Amino acid sequence: MKLTLNQQAISLAALMFVRGNASFESSLHDEEIAALQVLKQVKAVVPGVLNSQDALCAFCGLYRGPIFRTEDGLMVQCPDCGPFALDPASQRNWRLDDEWLIRKLRGALDISPQATTAHIVDGVWDIGRYKKRPVVLARRIDLVERHGLRIFHGPEPRHQSWVITPRPLGRLTLDPLEGTATWWHLEDRFALHGMALRLQGDDPDVLVDSSGRVIPVAVHGPFSSDFAWVHLADWPHGPIRLTEAQSRFFTVLWEHRHQAESAEFLMGHAGLASDKPMDVFKVKVANRGDPLYEGPIHAYEKLVSRQRRLGLYQLALVQSNA
């Protein structure tokens, strides 16, 4: 499927963003030259520093030779091919304006102009909040992996961030940020629209409750990272909100998911007074039929396997995957 000119332009912008430095026009093929013209029109690129000392050989493309002046004009001396006339266009180079990209992404995500942009490490920025979640922009996904501790767990934790990077140059079989952040490919999720960028669609994995609160996605099996939410496909009322006691019970059950444990062990490690797990999931008569209260007991019945004779408990989902 042939890309439109605007799609080629955003793909070239992503490639130049990965490089971080200037790209010579002479190194671009015809379609990229046309895409570069679009990037010039939207003021996405700025001229690089002009090199007046040497130039790449226009014939072999292997060596750079010194530039010198003769009566016939500027020449280049290739050590292999000899002297040839310099084409001034071969010296033009362009660099993507990082500030332009940040401004346009903030506009596409409707990030408040008052929100500040923070430079986290070289090649990685926090550009604001989208749907109350941090937005991290990086030149490459390996930079996010390398500095993940500082990005997500540093002085300013960025849990469940949106991470925007260009597509990786190599093929990845797995999402390296799965469970930590939602990864968007710049050239897939954003499109040039006039002088602006536009978000393509929306993220299907993000949920917002009626109060506008973002519900964390499943990280530990069906549980959110803090075990406060459970995502079950067979529950028709959406993610299930757990109480603190229920969350603590499931946290311990998850930590010991590879073996069955007694109720006394699990409840003790969860810091709960009762020895019976069911006590923290019981639904009062007045609350029966309310999904808010019925959801946790449904999760308990769905996810907890009990060996009644031995009084042992284990996550059923782990047993089924063994």
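Along each chain, numbering runs from 1 in the same order as the chain's sequence is written. Thresholds applied to this predicted model are a pLDDT of at least 70 for local features of residues and 80 or more for the giving and counting of side-chain atom pairs; totals over whole chains, interfaces and linings are not thresholded and use all residues. Side-chain numbers here rest on the full set of heavy atoms in the structure, without hydrogens or water.

S.K.: So what exactly am I meant to see when it comes to the overall build of the chain here?
M.R.: The secondary structure content of the chain amounts to 10 helices and 21 strands. The C-alpha radius of gyration computed for the chain amounts to 28 Å, which surpasses the reference 20 Å derived for 322 residues by more than 25%, pointing to a less compact arrangement than a globule. Dimensions along the principal axes, computed over C-alpha positions, put the chain at roughly 100 × 40 × 40 Å. When accessible area is computed with a 1.4 Å probe and restricted to protein chains, residues below 20% of their type maximum are described as buried, those above 50% as exposed, and intermediate ones as partly exposed. Residues classed as buried in the chain amount to 43% of the 322 residues present. The criterion used for residue contact is that any of the two residues' heavy atoms lie within 4.5 Å. Restricting the contact set of the chain to residue pairs at least 6 apart, pairs at least 24 apart contribute 49%. Carbon and sulfur atoms provide 52% of the accessible area of the chain, an area that totals close to 18000 Å². In this description a helix means any DSSP run of H or I spanning at least four residues, a strand means any run of E spanning at least two, and both kinds are numbered starting from the N terminus. Both definitions apply: the radius of gyration is a C-alpha atom measure, and the globule rule equals 2.2 Å times residues to the power 0.38. For every accessible area listed, the method is Shrake-Rupley and the probe measures 1.4 Å; residues are considered covered only by the protein chains on display.

S.K.: So what exactly am I meant to see when it comes to the nonpolar core here?
M.R.: Most often, soluble globular proteins have nonpolar side chains that are buried together. Throughout this description, the term nonpolar core refers to a set of buried Ala, Val, Leu, Ile, Met, Phe, Trp, Tyr and Cys residues connected via side-chain atoms within 4.5 Å. Leu39, Leu101, Leu109, Leu137 and Phe190 are the most contacted members of the largest nonpolar core, which has 37 residues in total. It is helix H1 (residues 5-19) that provides the largest number of residues to this core, a total of 7 residues. Grouped together as the second largest cluster of nonpolar side chains are 26 residues, Phe249, Phe250, Val252 and Leu303 included.

S.K.: I keep staring at the sheet that holds strand S21 (residues 312-315) and nothing clicks. Help me out?
M.R.: The strands that make up a sheet are held in pairs by hydrogen bonds between backbone atoms, and each pair lies either parallel or antiparallel. Here, any two strands with at least 2 DSSP bridges between them count as paired. Taken in spatial order, the 3 strands of this open sheet run S19-S21-S20, and their pairing is antiparallel. For this open sheet the edge positions go to strand S19 (261-262) and strand S20 (304-307), each flanked by a neighbour on one side alone. Pairing of S20 with S21 involves 4 bridges; the strand directions are antiparallel. By the bridge assignment for S21, Gln307 is matched with Leu312. Angles shown run from 0 to 180 degrees and are taken between the N-to-C directions of axes, each axis being a line fitted to C-alpha atoms and, for helices, limited to the stretch in contact. Its contacts with the sheet put helix H7 (residues 244-255) on S20 and S21, and the angle it makes with S21 is roughly 85 degrees. Contacting S20 and S21, helix H9 (residues 291-303) crosses the sheet at an angle of about 55 degrees to S20.

S.K.: What is the right way to look at the pairing of strand S8 (residues 118-121) in this model?
M.R.: For a regular strand, side chains alternate in direction, first toward one face of the sheet and then toward the other. Pairing geometry for S8 and strand S9 (residues 124-130), over 3 bridges, is antiparallel. Bridged to His119 within S9 is Trp125. Between S8 and S9, which pair antiparallel and follow one another directly, the connecting turn spans 2 residues, one of which, Gly123, has a positive phi of 85 degrees.

S.K.: Looking at this structure, I do not really get the confidence of the model for the chain. What am I missing?
M.R.: In low-pLDDT segments, the atomic positions of the prediction should not be examined closely. Summarising the model, the chain shows a mean pLDDT of 87, and 93% of its residues fall at 70 or more. Scored from 0 to 100, pLDDT records how confident the predictor is in each individual residue. Across residues 318-322 the pLDDT falls below 50, and counting only partners more than four positions away or on other chains, this stretch makes 4 contacts in the model.

S.K.: Explain the packing of H1 against helix H2 (residues 30-41) here, please?
M.R.: Describing two packed helices takes the angle between their axes plus the distance from one axis to the other. As a packed pair, H1 and H2 sit with axes 8 Å apart at the nearest point and diverge in direction by 85 degrees. In this view, H1 runs roughly perpendicular relative to H2, as classed from their interaxial angle. Where H1 approaches H2, its residues Leu5, Asn6, Gln8, Ala9, Leu12, Ala13, Leu15 and Met16 are matched on the opposing element by Glu31, Glu32, Ala34, Ala35, Leu36, Val38 and Leu39. Class assignment for the residues of the contact of H1 with H2 results in 11 nonpolar, 2 polar and 2 charged. We call two directions roughly parallel when the angle between them is under 35 degrees, roughly antiparallel when it is over 145, roughly perpendicular when it lies between 65 and 115, and oblique otherwise. Think of it as three bins: nonpolar holds Ala, Val, Leu, Ile, Met, Phe, Trp, Tyr, Cys and Pro, charged holds Asp, Glu, Lys and Arg, and polar takes everything else, Gly as well.

S.K.: How do you make sense of the sheet that holds strand S7 (residues 93-96) when you look at a structure like this?
M.R.: Strand order in the open sheet made by the 3 strands is S1-S7-S2, with antiparallel pairing throughout. The open sheet has two edge strands, strand S1 (23-24) and strand S2 (45-47), and neither has a second partner. As judged from the 2 bridges shared by S1 and S7, these two strands associate in the antiparallel manner. Considered in S7, the bridge of Ser23 is made with Trp94.

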